[in-house]
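A structural walkthrough
One-letter residues, chain by chain:
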Amino acid sequence: MADGTRSLRGGSPASSPLLGGRGRAAAAAAAAGSSSPGHGFRRVTLTKPTFCHYCSDFIWGLAGYQCEVCNFMSHEKCLKNVKIPCSCIVPSLVRVPVAHCFGPPGHYKRKFCTVCRKSLESPAFRCEVCELHVHTDCILFACSDCRQCHQDGHQDHDTYHHHWREGNLSSSARCEVCKKNCSSSEVLSGMRCEWCGILAHSACYIIVTPECTFGRLRNMILPPTCVQLFSRNFSKLHCFRISENLQTESDEDDDVDGSTQGSAKDVQISTDSSKQTLKIFDGNDAVKRNQFRLISVPRIAKNEEVVEAALRTYYINDDQQEYELQTFAQQTLLSDDVINRNSAAEDSNLGSVFRESIPEAWIIRAKPKDEEVIRIYPAWLKVGMAYVSLRVNKDSTTQTVIKEVLPLLGRQTACLQNFKLVEVLMGSKQVQRMVLDNQELILNRLKDIRKTSIRQMNQTRFYIVENSKSIVRVNLFVGGLPPQLSPEEYTNILKEELAIKSNVVSVSHVYQAQGAVVLEISCFSEAERIYMLVKDTTVNDKPLNAVVIPEVMSSKIPQNCCPLLVFVNPKSGGLKGRDLLYSFRKLLNPHQVFELTNGGPLPGFHTFSKIPSFRVLVCGGDGTVGWVLGALEEIRHKLMCSEPSVAILPLGTGNDLGRVLRWGAGYSGEDPYSILVSVDEADDVLMDRWTILLDAEEPAEGAENGVAEPEPPKIVQMNNYCGLGIDAELSLDFHHAREEEPGKFNSRFHNKGVYVKVGLQKISHTRNLHKDIKLQVDQHEVELPSIEGLIFINIPSWGSGADLWGSESDNRFEKPRIDDGLLEVVGVTGVVHMGQVQGGFRSGIRIAQGSYFRVTLLKPIPVQVDGEPWIQAPGQIIISAAGPKVHMLKKSKQKQKKTGSLREMRADSMSISEGGR
């Protein structure tokens, strides 16, 4: 592209002077200055098909207007309408600074970088909480404008505004205002609210009502105003309980980034002989980390041109006259010097410093100032204004600034000692806060920040804060402890293993049956120390686990709100659980989404324990559902909502319970948004659960000292079915095969293939199970026919959807239901019979129906309950109803109402589920 005419950066707080603007190009760019916030547009010659970032239409002709900082492209006719701010001023527009939660870098198709607006063709970062995508070398310039998902005691608001994010919408996205398509596959275009999902054009979103109502899912979302989390010393990954492997990969990338950035960017060096490529550091921190950016300038270029190019590459829109370039030896270029690598010695103005050669690496420095204007943000005081501007000089201290600011905020009579000045660095990964000393010189502080990094200066704010006794309360869930101990015993274990300090750490909740406690910690550093120490601690050879959990303020939950508690097993369903975790964190509050491999279901139930009404969504196989229902049964007496309804997103192999409740045979990539809508519209039904008592009468093998003792009685819960004989034997063989090579069992097709293989190996097997067991049903002996397998079924689905009981009417038995308080007993004669049942050609042999069963085992027999198999020693098995029925959610048959906004929301959610694939 040809060089155009430079113009002022319109709308910026500190604009550079117009440099030689001439003719129509300069006039158009200057006219845009009053409306395009922060952009520095210049006319360029187009050498390839280009689209406008404002209207997303094709730019016809050979000329367009491009922002020199953020690469925003525009028609000439669109310049005066551009409202999207330039990346260089975005930090100044952030309402509440919230750091992003970046996972490891990955490849994201058809996505664009939010900072430089270019396509993500190389590995890039994605925020796990909001729809932000950035290049690896742009992440430092990403602003801390993530969703505020909880209150942290700093900037807490009761009213939430739309949280707009630009671009990366699905192809079917439609504007809420004009109802036209607002997406683009060519450029970063269109706007989306991260909370309610509303979509709009860049020209339309400014007329949308600013207050956000959280959209169609408002009754399922846990409102951020109801969640409190003190998280100063914890990363965002820890706060949202995102797997540690993501943290490790991300940290490794940070370590490598500084040392490899130069070599990676060397590939981009211009081959144009009239250009030269320079390395630019923005301060001492960049030099220390070897993090530089490359600029390409003419071989004969004035210093002001190089400085301006250096500022642009660091997304700084200040006047270039306020900055200078220095070598590593701190030799400063004068304003009228000329950089000429080809004939440096010929220019007498350069002197002896540049007699031999011109250095390739430079540091950009801010020139010292005797006074300047700073912004003081009073948002924490909620006084109704964004900020106040204040001129400071070399004598201005923190105390004098506070004294001058308070009258401007209407606090003339306030005492100075009741306020403090806080410096906030709004980094993309972390928001850092530091209280300034009352006697600290403000100009010296600004000089130190700029010396460290001029980029950091652009991301730094000053807040005036009212002093108050801040109450620190960090809740840490610690699991893996020995069960059935007293609170005093748990405290002693923690003191011994973790050396906890009793003056700042207390045990607030004890879950004896599960061997878990919740610690309430009143010191940030102590909370961080305990959290990191727990990872490497074992008790009785069992590793401990720790989870940072938020506090839900139930009194602030709206009356009609019924939040959804989401559990996801990322190991289920061909590893599709990872994508679902990402999607549900986007659509809901991340604090209501829990990963089951990180502490199990108990942290989620504890977090929701004070909520008067909530629902549960379990994403996993039938075994995962049983795990969550079992945990719910154990903890229900500690929940304010003791009987939450449970929905299922089937991710397992068989998914029989999901089939019965109409959630389908298995998840195959459906839109996560439509799944949540279906959960909201689902019908509440009851389902029986059963308790199985296993009482072995024969001694356990391998007893110590040769003394044979019988196994202690064991109790398990059953939701779907319980099998004895050939059915359990096949499950046991499959279980052993999966344990040997777990990496291969990541798809339903492969899993079912293994089932077929182990079944064929048993096709000629004869066990004569009816001779090895005795059955009592409701205190009556039942004679068994010649069978190889005996199955107790609670739901009308077995073995991946087969109807084992059959649909034929029989006067001897009642029609089965999942809430009738009865179990059906069915027999199978072998593997061939089982295959015929699963093929729909036959049904099982109906044996009995009842509510209380006693099975006597005369020899060791394979047993499986809901897919979990083992060999049961001879003895008694007693099956009886397990307390109250459990509330389940059955997918409604009614079709969703296809309103306009619903279609848009669903289309937008599809773009979320596509991310990272």
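Here the structure is shown first, and the text comes after it.
My aim in this report is to walk through the structure given alongside it, one point at a time. Quick caveat: nothing in here was measured; it's all calculated off a predicted structure. (Residues numbered from 1 in each chain as written. Predicted model: local features only at pLDDT ≥ 70, side-chain atom pairs only at ≥ 80, totals over all residues. Heavy atoms only, no water.)

**Digging into the overall build of the protein**
Heads up, the rule is: Helix and strand definitions here come from DSSP, where helices need a minimum of 4 consecutive H or I residues and strands a minimum of 2 consecutive E residues; each element is numbered from the N-terminal end. Note on contacts: a residue pair is in contact if any heavy atoms of the two residues lie within 4.5 Å. Only the protein chains shown count as cover for residues, and all accessible areas are computed by the Shrake-Rupley method using a 1.4 Å probe.
The secondary structure content of the protein amounts to 20 helices and 45 strands. Residue pairs at least 24 apart in sequence account for 70% of intrachain contacts in the protein once pairs closer than 6 positions are excluded. If you sum the accessible surface of the protein, you get close to 40,100 Å²; carbon and sulfur atoms cover 49% of it.

**Observations regarding the packing of aromatic side chains**
This is how it is decided: Here a Phe, Tyr or Trp ring, Trp counted by its six-membered ring, pairs with any other such ring whose centre lies within 6.5 Å, and the pair is stacked when the planes are under 30 degrees apart, edge-to-face when over 60, and tilted otherwise. Relative accessible area decides the class of each residue, using a 1.4 Å probe on protein chains only: under 20% of the type maximum gives buried, over 50% gives exposed, and in between gives partly exposed. As a reminder, the over-ring test applies to NZ of lysine and CZ of arginine, requiring each to be within 6 Å of the ring centre and within 35 degrees of the ring normal.
Scanning all chains against the criterion turns up 17 aromatic pairs. For the pair Tyr 377 and Tyr 463, a centre-to-centre distance of 5.5 Å together with 40° between the ring planes defines the contact as tilted. Taken together, the residues Tyr 377 in strand 16 (residues 371–377) and Tyr 463 in strand 20 (residues 460–466) connect sequence positions 86 residues apart. Each member of the pair Tyr 377 and Tyr 463 is classed as buried. Following the ring pairs from residue to residue traces out a cluster consisting of Phe 51, Phe 58 and Trp 60. The side chain of Arg 241 reaches across the aromatic face of Phe 594, ending 4.0 Å from its centre. Looking at Arg 461, its charged tip hangs above the ring of Tyr 377, at a distance of 4.2 Å from the centre.

**Some words on helix 11 (residues 524–534)**
Heads up, the condition is: Our arc is simply the arc of the directions from the helix axis toward the C-beta atoms.
Every buried residue of helix 11 is accounted for by Phe 524, Glu 526, Ala 527, Ile 530, Tyr 531 and Val 534. In an axial view of helix 11, the angular spread of the buried residues amounts to 165°, which keeps them on one side of the axis.

**Considerations on the nonpolar core**
As a rule of thumb, nonpolar side chains are buried together in soluble globular proteins. Our working definition: Note on terminology: a nonpolar core comprises buried Ala, Val, Leu, Ile, Met, Phe, Trp, Tyr and Cys residues joined through side-chain atoms within 4.5 Å.
In terms of nonpolar packing, the biggest core is built from 146 residues, with Val 134, Phe 584, Phe 605 and Leu 617 touching the most fellow members. Broken down by element, this core gets its largest block of residues, six residues, from helix 14 (residues 622–635). With near-sequence residues (within four places) excluded, Phe 584 lies in contact with Val 566, Val 568, Val 593, Leu 617, Cys 619, Leu 649, Pro 672 and Leu 676. Core analysis: the second largest hydrophobic core is formed by 30 residues, Leu 481, Val 510, Ile 521 and Val 548 among them.

**Examining unusual backbone geometry**
The residue Asp 541 is not glycine, and still its phi comes out positive at about 65°. Relative to the helices and strands, Asp 541 resides in the loop between strand 24 (538–539) and strand 25 (542–543). Given a relative accessible area of 76%, Asp 541 falls into the exposed group. Although it is not a glycine, Arg 662 sits at a positive phi angle of roughly 70°. Along the chain, the position of Arg 662 falls in the loop between helix 15 (656–660) and helix 16 (672–681).

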